Amino acid sequence: DVKVTQSSRYLVKRTGEKVFLECVQDMDHENMFWYRQDPGLGLRLIYFSYDVKMKEKGDIPEGYSVSREKKERFSLILESASTNQTSMYLCASSLIAGGRDEQYFGPGTRLTVT
Amino acid sequence: KQEVTQIPAALSVPEGENLVLNCSFTDSAIYNLQWFRQDPGKGLTSLLLIQSSQREQTSGRLNASLDKSSGRSTLYIAASQPGDSATYLCAVTGEYGNKLVFGAGTILRVKS
């Protein structure tokens, strides 16, 4: 079974802090993704990466950056956390093969910025 | 821009009923369609994936169909159980894969 793990289930940070959210997958997937999920707005893509050191902006990249130094690890960075970044953050990974592109999700990190 | 709509937004049924959740998408040039389940405060669990060349997929009591030309998919749940209570999300990837576009979800409650 594919396993996607996220470093924290719950996180509380102060406004202006630099925040790192870590995601690790164990299936050698090429693609990794960061989403945020908010009531009434659904799931929105922040950034994704299709290879080591490669990244592409999603729908809402403002205020975020990412890092992928190793294939299995994809980090989301909030350079200066703000209260409007309070949200549930979900990481996913996938491999496109044989006509299938199935995304597998981690358990999520509930981030509160005060 | 791809848009995904799920109907109904919420559904409450007695245990044992068969039920259908609907998903529609505006751009038929998709690579895959995926159905997920999400329990409160948790991540997403992949239930079924339908490739663009397929018409349906089955897993246990779940059956998902895809009509790409009309931009529709349905998730059929047979003999519903209280443990099926969750939010069900439909999502599609673009023509070459990668980015998922999600619907808002259907909140299902199965009463015992």
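Quick note: structure is the one above.
Given the structure is predicted, the values throughout are model-derived calculations rather than measurements.

**Overview of the side chain of Asp101(A)**
Alright, step 1. Here Asp101(A) lies in strand E11 (residues 100-101).
Alright, step 2. There is a polar contact of 3.0 Å between the side chain of Asp101(A) and the side chain of Ser94(A).

**Brief notes about the interface of chain B and chain A**
Alright, step 1. Across the contact, 20 residues belong to chain B and 21 residues belong to chain A.
Alright, step 2. For the chain B and chain A pair, buried surface summed over both sides reaches about 1800 Å², with 52% attributable to carbon and sulfur atoms.
Alright, step 3. Taken together, the connections running from chain B to chain A amount to zero salt bridges.
Alright, step 4. The interface formed by chain B and chain A holds six residue pairs in polar contact (both at pLDDT 80 or more) in total.
Alright, step 5. Taken together, the elements giving at least two residues each to the side of chain B that touches chain A come down to strand E4 (30-38), strand E5 (44-51), strand E9 (86-94) and strand E10 (100-102) of chain B.
Alright, step 6. Here the side of chain B that touches chain A takes five residues from E4(B), the largest share from any one element.
Alright, step 7. Residues that form the side of chain B that touches chain A fall into these classes: eight nonpolar, 10 polar and two charged.

**Some points on the pairing of strand E13 (residues 109-113) of chain A**
Residues and elements named next belong to chain A.
Alright, step 1. Side chains Thr-109, Leu-111 and Val-113 of E13 all project onto a buried face; the interleaved residues Arg-110 and Thr-112 project onto a face where none is buried.
Alright, step 2. Inspection of the sheet shows strand E9 (residues 87-94) paired to E13 by three bridges, in the antiparallel sense. Residue pairing for E13: Tyr-89 is matched across the bridge by Thr-109.

**Comments concerning the nonpolar core**
Alright, step 1. Judged by nonpolar contacts, the single largest core of 22 residues is most densely connected at Phe25(B), Leu33(B), Trp35(B), Leu75(B), Ile77(B), Tyr88(B) and Leu108(B).
Alright, step 2. When residues of this core are traced back to their parent elements, those giving at least two are strand E3 (19-25), E4, E5, strand E7 (62-67), strand E8 (72-77), E9 and strand E11 (106-111) of chain B.
Alright, step 3. When residues no more than four places from it in sequence are discounted, the contact partners of Tyr88(B) are Gln6(B), Leu21(B), Phe36(B), Arg37(B), Leu47(B), Leu75(B), Ile77(B), Gly105(B), Thr106(B) and Leu108(B).
Alright, step 4. Counting 20 residues, the second-largest nonpolar core is a separate cluster that includes Val4(A), Ile46(A), Phe74(A) and Leu78(A).

**Here's the deal with the sheet that holds E7(B)**
Residue and element names in this part refer to chain B.
Alright, step 1. Strand order in the open sheet formed by five strands is E1-E3-E8-E7-E6, with antiparallel pairing between adjacent strands. Either end of the sheet is taken by a strand with one partner, and the two such strands are strand E1 (4-7) and strand E6 (56-59). For this sheet the average axis-to-axis angle between neighbouring strands, irrespective of direction, equals 15°.
Alright, step 2. With four bridges connecting them, E1 and E3 associate as antiparallel partners. Bridge assignment links Thr-5 to a residue of E3, and that residue is Ser-24.

**Details of the sheet that holds strand E8 (residues 73-78) of chain A**
Residues and elements named next belong to chain A.
Alright, step 1. The four strands lie next to each other as E1-E3-E8-E7, forming an open sheet whose pairing is antiparallel. Unpaired on one side and paired on the other, strand E1 (4-6) and strand E7 (64-70) mark the two borders of the sheet. On average, each strand axis in the sheet is tilted by 20° relative to the strand beside it, whichever way the strands run.

**Here we look at the side chain of Ser65(A)**
Alright, step 1. Among the secondary structure elements, Ser65(A) is positioned in strand E7.
Alright, step 2. The residues contacting Ser65(A), other than those within four sequence positions of it, are Tyr47(A), Ser75(A), Leu76(A), Ile77(A) and Glu79(A).

Conventions adopted
- Residues numbered from 1 in each chain as written.
- Chains lettered and ligands numbered in written order.
- Predicted model: local features only at pLDDT ≥ 70, side-chain atom pairs only at ≥ 80, totals over all residues.
- Heavy atoms only, no water.
- Helix = DSSP H or I, 4+ residues; strand = E, 2+ residues; numbered from the N terminus.
- Polar contact = N/O pair within 3.5 Å; in protein donor to acceptor, adjacent residues only side chain to side chain.
- Contact = heavy atoms within 4.5 Å.
- Buried area = accessible area lost by both parts, 1.4 Å probe.
- Salt bridge = Lys/Arg side-chain N within 4 Å of Asp/Glu carboxyl O.
- Nonpolar A, V, L, I, M, F, W, Y, C, P; charged D, E, K, R; others polar.
- Buried < 20%, exposed > 50% of the residue type's maximum accessible area, 1.4 Å probe, protein only.
- Pairing = 2+ DSSP bridges.
- Core = buried A, V, L, I, M, F, W, Y, C linked by side-chain atoms within 4.5 Å.
- Axes fitted to C-alpha atoms, helices over the stretch in contact; angles between N-to-C directions.

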